[in-house]
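Observations on the model geometry
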Amino acid sequence: MIKLHLISLLFPLIFGQATVVICQERDTTQLTAVLVVGHVENKTTGYITQMKSVARFFTQRGVKVYTFYDKNARWKDIDSLARECNFFVYSGHGSPVEKKYVPGMLCIDKMISSDQLKNEFQFTKNPLVIYKSACYAAGASETDISDIGFPEARRRILHYGTTHLDIGASGYYATNYDDTVVSFLHMFFEGKSLSHAFHENIVKGDYIEKEDVHPKYKDKSYGIISSPATGTCLMKMYCSKNKRYNIVKVPCFKSYDMAYMGNPNLTLQHIRR
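The structure presented is a predicted model; accordingly, all values stated were derived computationally and were not measured.

1. As for the nonpolar core
Membership of the largest hydrophobic core comes to 39 residues, with the highest contact counts inside it found for Val36, Ile78, Phe88, Tyr90 and Tyr131. By residue number, the principal contributor to this core is helix H4 (residues 150-166), which donates five residues. In contact with Ile78, not counting residues within four places along its chain, are Val34, Val36, Phe68, Ala73, Phe88 and Ile108. Residues Val40, Met51, Phe198 and Tyr260 belong to the second largest nonpolar core, which totals 36 residues.

Written as structure tokens, this is what we have:
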């Protein structure tokens, strides 16, 4: 917001007119967003295309956007900007919850684990953190071959989301559905709360498995969505014989593809503070 200050009001006796001198103060309210896409093999181009839609959404609303895609997603460049951002959006590989030798929560030029984030990193402006199509972040993983069950989905989501709350995020939203990040942000920028935007983006036929008080942060909540087990799905299965992944058609099983965490009443106005 531009503030106008009246510096002086002069009344020259000769002309009988008032002269107004106006000083413009620098706008310090601009929000910033850091958008990151890790390398995801043959899906990288598609992930970047989707993230560019997110970038356009922010830019059209006056948000300053910093992008780090694929080979340009280097933690040394992202670190300082991410600390000061209002929105942090990541799309790329996830990894099992602190599985030995694969500790990546952010999989970019190197694995950034939850321990590394908690020990070395802190958000300063309490941003909204969004994960798009990152395994485990919303519950499901591409490597799942059957219904993992709600307890495991909850464990994964609480691990990912709580890590970000621990380092200063005000809210967390994770989705595996295309286009839901932009539609979620539309709702959020219209003034809807975190919980409201989450509910409005539930895909038809999906089910709210749980919405409850966060076990650690009692002023915050979490919500988890599951999709039904109907029809058949294409599944990437590892074949030990030829040592590669093959795409096979299998019966669908219940999946967990959307979640949120934070104060359910969180709005854009809280992010602007």
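2. Digging into unusual backbone geometry
Unlike most non-glycine residues, Tyr136 shows phi in positive territory, near 80°. With respect to the helices, strands and loops of the structure, Tyr136 is situated in the loop between strand E8 (128-132) and H4. The buried category is assigned to Tyr136, whose relative accessible area is 8%. Although it is not a glycine, Asp179 adopts a positive phi angle of roughly 75°. Structurally, Asp179 can be placed in the loop between strand E9 (171-175) and helix H5 (180-189). Looking at Asp179, the relative accessible area reads 62%, which means it is exposed.

3. As for the pattern of salt bridges
Inspection of the entire model under this criterion finds 13 salt bridges. Among the salt bridges present, the one from Arg74 reaches Asp77, with a minimum N-O distance of 2.9 Å. Taking relative accessible area as the criterion, Asp77 reaches 25% and is therefore assigned partly exposed. Taking the shortest distance from any N to any O, the salt bridge between Glu190 and Lys192 comes out at 3.8 Å. The class for Glu190 is exposed, based on a relative accessible area of 52%. Classification of Lys192 as partly exposed rests on a relative accessible area of 26%. Where salt bridges share partners, they join Asp144, Glu152, Arg155 and Arg156 into one cluster.

4. Overview of the sheet that holds E8
What holds strands together in a sheet is hydrogen bonding between their backbones, with the strands either parallel or antiparallel. One open sheet holds the eight strands; their spatial order is E4-E3-E5-E8-E9-E14-E11-E10, and the pairing between them is mixed. In the strand order of this sheet, the two ends are held by strand E4 (64-69) and strand E10 (207-213), each with one partner. The mean inter-strand angle of the sheet, taken between neighbouring strand axes irrespective of direction, is 10°. Here five bridges tie E8 to E9, and the two strands are oriented parallel to one another. In the strand pairing of E9, Leu128 is matched with Gly171. On the sheet, H4 packs against E8, E9, E10, strand E11 (221-227) and strand E14 (255-262) and is oriented at approximately 35° with respect to E14.

5. Regarding the layout of surface pockets
If you add up the space inside the largest pocket, you get close to 860 Å³. The wall of the largest pocket is formed by 34 residues, among which Lys43, Ser141, Glu142, Leu234 and Asp257 lie closest to the centre. Every element with two or more residues in the lining of the largest pocket is listed here: strand E12 (232-239) and E14. When residues in the lining of the largest pocket are grouped by element, the largest group, four residues, is from E12. Partitioning the lining of the largest pocket into residue classes produces 15 nonpolar, 10 polar and nine charged.

6. Remarks on empty space enclosed by the protein
For the structure shown, the criterion picks out one cavity of 30 Å³ or more. By volume, the largest cavity amounts to about 50 Å³. Residue lining of the largest cavity: Trp75, Ala82, Phe88, Leu106, Leu117, Phe121, Phe123, Tyr131, His164 and Ile167, and that is the complete set. Residues of the lining of the largest cavity, tallied by class, amount to nine nonpolar, one polar and no charged.

What counts and how
Residues numbered from 1 in each chain as written. Predicted model: local features only at pLDDT ≥ 70, side-chain atom pairs only at ≥ 80, totals over all residues. Heavy atoms only, no water. Core = buried A, V, L, I, M, F, W, Y, C linked by side-chain atoms within 4.5 Å. Buried < 20%, exposed > 50% of the residue type's maximum accessible area, 1.4 Å probe, protein only. Helix = DSSP H or I, 4+ residues; strand = E, 2+ residues; numbered from the N terminus. Contact = heavy atoms within 4.5 Å. Salt bridge = Lys/Arg side-chain N within 4 Å of Asp/Glu carboxyl O. Pairing = 2+ DSSP bridges. Axes fitted to C-alpha atoms, helices over the stretch in contact; angles between N-to-C directions. 1 Å grid on protein atoms, 1.4 Å probe; cavity = no way out; pocket = protein on both sides within 12 Å on 5 of 7 lines; lining within 4 Å. Points joined across faces, edges and corners; volume = space filled by probe spheres on them. Nonpolar A, V, L, I, M, F, W, Y, C, P; charged D, E, K, R; others polar.

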